[in-house]
Amino acid sequence: MTQQEKRLVIGVCALIAAALVSTATFNYIVLPMIMSLDASESQQSLLRQLPSIGALLMIFIAGVLGQRIGPRRLLVWCGLLMAVGYFVVMVSPAMGVTSAGMLLGSVGQEGIFVVSVGMLSAGLADPKARASGFAMLAMATPLVYLVAPVAAGALVGLTGWRVVIGMWVLAGLAAAFLAKRLLPPDEASDTRVELWTPALAGFALVCLVQTANNISQAGWAATPTIVWGGAAILATVGLVVLMRRLPEPSLDISVLRHGGFRLLLVVILLVPFASMAFYATVGAQFVYGYGVFATSLIMIPVQVTSLAGAWLSGRMIRRSGIRATGTIALVLTSVALFLAATQRVSTPVVVSLLIVCLYSGALTAANAPMTNAIMNLAAKGSEGSAAAFRGASASLGNA
């Protein structure tokens with residue numbers, strides 16, 4: 001890598017790490033937050049869905065806005081939006097205000113994810129440099145998950161969940177600062193793009209997710225299901241009409257014409273369904289009786305295994321290639337999920353921990369080759385669109 005490419009990789013990894021702080025600690029503060037704000041069952045369900053909803057609303061817009069105002073400027077704005085949203089959560093007196101703040105913060109966070117990945121892919125033209133860059137990016141997640149949950153667990157026990165939200169605010173401000181200091185300046189551009197098609201695409205996905213959630217909770221004939229389903233149909237029809245009538249729609253769907261790209265999106269969609277990290281955190285507290293801080297300590301070996309998986313993945317990509325690395329990692333992920341399905345309430349905590357370690361290590365090892373493969377299929381200038389579709393699949397899986 002050249003010096004400029006190394007600076008770009010460091011900058012993107014630092015930005016992603018800052019944006020991940022809220023994701024890494026969310027499971028540790030959601031229960032104290034719900035109890036403190038006396039949330040109803042529907043509000044609890046919505047609170048867990050809001051990060052994915054905010055991500056889907058922003059995900060396609062972020063890819064287009066990067067072209068319109070410049071990726072670095074957009075990343076600064078997203079960091080500030082993330083900080084403002086989570087500040088609202090920190091001072092909120094009720095669940096309604098908390099939900100609005102979570103939505104704003106999630107929108108800013110997802111903008112950082114999408115634009116950073118697209119910027120990294122566009123800035124690393126050499127395949128070997130790109131493979132090394134995405135391997136380093138894969139290590140950012142377990143590093144954050146290694147440190148942030150322990151800090152959150154300690155703070156929740158000593159001071160309460162609002163101080164942890166203060167960490168999120170500082171992370172957003174740090175992301176804005178890092179984007180300004182570490183990333184290359186935006187090139188002058190007079191690009192003018194419309195925002196209707198990416199906005200409708202994101203809104204249609206949110207409506208589909210809410211429709212599916214309401215079907216499972218209230219049934220097909222329930223009023224919320226009908227309302228969300230109707231909104232999904234209207235948004236989809238409007239999107240199709242605009243895509244056909246606009247001379248140059250800004251939502252780039254050319255990447256979807258590649259069969260391999262669509263298959264990779266399906267894989268990325270299916271993998272998060274297990275939600276192993278969430279269930280491991282909840283299980284440690286409610287099945288094995290550990291407190292928040294003790295749970296964060298128990299999860300340290302899981303993150304160490306994830307770091308090892310990311311490191312091994314980078315070495316295997318350089319030695320055996322993307323396809324072999326991704327295949328082996330996904331097979332090991334499947335083995336871990338099969339073992340998880342055999343667990344019972346009486347399963348010793350050590351056994352459960354070993355299974356989660358295998359899952360996290362294998363999944364982290366799979367992230368780098370999957371992201372690398374997706375971005376390699378994007379044509380020059382379509383990196384933002386490819387990153388948006390990748391993020392949309394992951395968000396749908398998490399929703």
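Because the structure is a prediction, the values reported are computed rather than measured. (Residues numbered from 1 in each chain as written. Predicted model: local features only at pLDDT ≥ 70, side-chain atom pairs only at ≥ 80, totals over all residues. Heavy atoms only, no water.)

Draft legend 1. Here's a closer look at the overall build of the protein. When helices and strands are tallied, the protein shows 15 helices and 0 strands. In terms of overall dimensions, the protein is globule-like: its C-alpha atoms have a radius of gyration of 20 Å, near the 21 Å expected for 399 residues. Taken along the three principal axes of its C-alpha coordinates, the protein extends 60 × 55 × 40 Å. Classification of the 399 residues of the protein by burial places 50% in the buried group. (Helix = DSSP H or I, 4+ residues; strand = E, 2+ residues; numbered from the N terminus. Rg over C-alpha atoms; globule rule 2.2 N^0.38 Å. Buried < 20%, exposed > 50% of the residue type's maximum accessible area, 1.4 Å probe, protein only.)

Draft legend 2. Spatial organisation of the packing of helix H12 (residues 300-320) against helix H14 (residues 349-376). In the contact formed by H12 and H14, the axes pass within 7 Å of each other and the chain directions differ by 35°. For the element pair H12 and H14, the recorded crossing hand is right-handed. Contact residues: Pro301, Val302, Thr305, Ser306, Gly309, Ala310, Ser313 and Ile317 in H12; Leu353, Val356, Cys357, Ser360, Gly361, Thr364, Ala365, Ala368 and Pro369 in H14. For the contact of H12 with H14, the per-class residue count stands at 10 nonpolar, 7 polar and no charged. (Axes fitted to C-alpha atoms, helices over the stretch in contact; angles between N-to-C directions. Left-handed = near helix turned anticlockwise from the far one by under 90°. Contact = heavy atoms within 4.5 Å. Nonpolar A, V, L, I, M, F, W, Y, C, P; charged D, E, K, R; others polar.)

Draft legend 3. Quick look at helix H1 (residues 3-37). Here H1 contains 35 residues, and its C-alpha end-to-end distance of 49 Å stays within 8% of the 51 Å for a straight helix at 1.5 Å per residue. A bend of about 60° at Phe26 is the largest found in H1. Just downstream of H1 lies Asp38, where phi reads positive at about 55°. (Expected span 1.5 Å × (residues − 1). Bend = angle between axes of the 7 residues up to and from the residue.)

Draft legend 4. Spatial organisation of the environment of Arg319. Here Arg319 lies in helix H12. Under the relative-accessibility criterion, Arg319 is labelled exposed at 69%. For the pair formed by Arg319 and Thr197, sequence separation is 122 residues and the distance between their alpha carbons is 41 Å.

Draft legend 5. A nonpolar patch on the surface, seen in detail. Taken together, the side chains of Ile328, Val331, Leu332, Val335, Phe338, Leu339 and Leu358 define a hydrophobic patch exposed on the protein surface, amounting to about 580 Å² of accessible area. For the nonpolar patch, the element with the most residues is helix H13 (residues 322-341), which contributes 6 residues. Locating Leu358 in the fold gives a position in helix H14. (Patch = residues over 30% accessible without salt bridge, like charges linked within 9 Å, V, L, I, M, F, W, Y side chains within 5 Å. Areas by Shrake-Rupley, 256 points an atom, 1.4 Å probe, with all protein chains shown as cover. Salt bridge = Lys/Arg side-chain N within 4 Å of Asp/Glu carboxyl O.)

Draft legend 6. View of the state of the cysteines. For the structure on display, the rule yields 0 disulfides. Residue Cys13 stays outside any disulfide, its sulfur separated by 18 Å from that of Cys78, the closest cysteine. (Disulfide = S-S within 2.5 Å.)

Draft legend 7. Seen up close, the nonpolar core. If you look at the biggest cluster of nonpolar residues, it comprises 104 residues, and the most contacted ones within it are Phe60 and Trp168. Counting residues per element, this core draws most heavily on H1, which supplies 19 residues. Discounting residues that sit within four places of it in the chain, Phe60 has contacts with Pro198, Ala201, Gly202, Leu205, Leu251, Ala388, Phe389 and Ala392. Counting 5 residues, the second largest nonpolar core, distinct from the first, contains Ala138, Ala310, Ile317 and Ala368. (Core = buried A, V, L, I, M, F, W, Y, C linked by side-chain atoms within 4.5 Å.)

Draft legend 8. Structural context of the packing of aromatic side chains. For the structure on display, the rule yields 2 aromatic pairs. Taking the centre distance of 5.1 Å and the plane angle of 70° together, the rings of Phe60 and Phe389 count as edge-to-face. Of this pair, Phe60 sits in helix H2 (residues 41-69) while Phe389 is found in helix H15 (residues 383-398), placing the two residues 329 residues apart along the sequence. Ring geometry for Tyr86 and Trp168: centres 4.9 Å apart, planes at 70°, overall edge-to-face. Of this pair, Tyr86 sits in helix H3 (residues 71-91) while Trp168 is found in helix H6 (residues 161-182), placing the two residues 82 residues apart along the sequence. An identical accessibility class is assigned to Tyr86 and Trp168; each is buried. (Phe/Tyr/Trp six-rings, centres within 6.5 Å; stacked < 30°, edge-to-face > 60°.)

Draft legend 9. Structural detail: the side chain of Thr347. Mapped onto the elements, Thr347 comes out in the loop between H13 and H14. Within the local environment of Thr347, its side chain forms a polar contact with the backbone nitrogen of Arg344, the two atoms lying 2.7 Å apart. Other than its neighbours up to four places away in sequence, Thr347 contacts Tyr288 and Ser352. (Polar contact = N/O pair within 3.5 Å; in protein donor to acceptor, adjacent residues only side chain to side chain.)

Draft legend 10. Local environment of H3. The end-to-end C-alpha distance of H3, which contains 21 residues, comes to 30 Å, matching closely the 30 Å that a straight helix rising 1.5 Å per residue would cover. Residues of H3 that are buried include every one of Arg72, Leu74, Leu75, Val76, Cys78, Gly79, Met82, Ala83, Gly85, Tyr86 and Val89, and no others.

Draft legend 11. Main features of the packing of H1 against H3. H3 packs onto H1 with a crossing angle of 15° between their chain directions and a minimal axis gap of 12 Å. The angle between the axes of H1 and H3 places the two elements in the roughly parallel class. Both H1 and H3 take part in a crossing whose hand is left-handed. Across from Leu15, Ala18, Ala19, Ser22 and Met33 in H1, the residues of H3 making contact are Leu75, Met82, Tyr86 and Val89. Of the residues in the contact of H1 with H3, the class split is 8 nonpolar, 1 polar and no charged. (Parallel < 35°, antiparallel > 145°, perpendicular 65-115°, else oblique.)

Draft legend 12. Here's a closer look at the environment of Leu363. Position of Leu363 relative to the elements: it lies in helix H14. For Leu363, a relative accessible area of 18% translates into the label buried. Taking C-alpha positions, Leu363 is 6.9 Å from Leu330, a pair spaced 33 residues apart along the chain. Not counting the four nearest positions on each side in its chain, Leu363 is found in contact with Val271 and Thr333.

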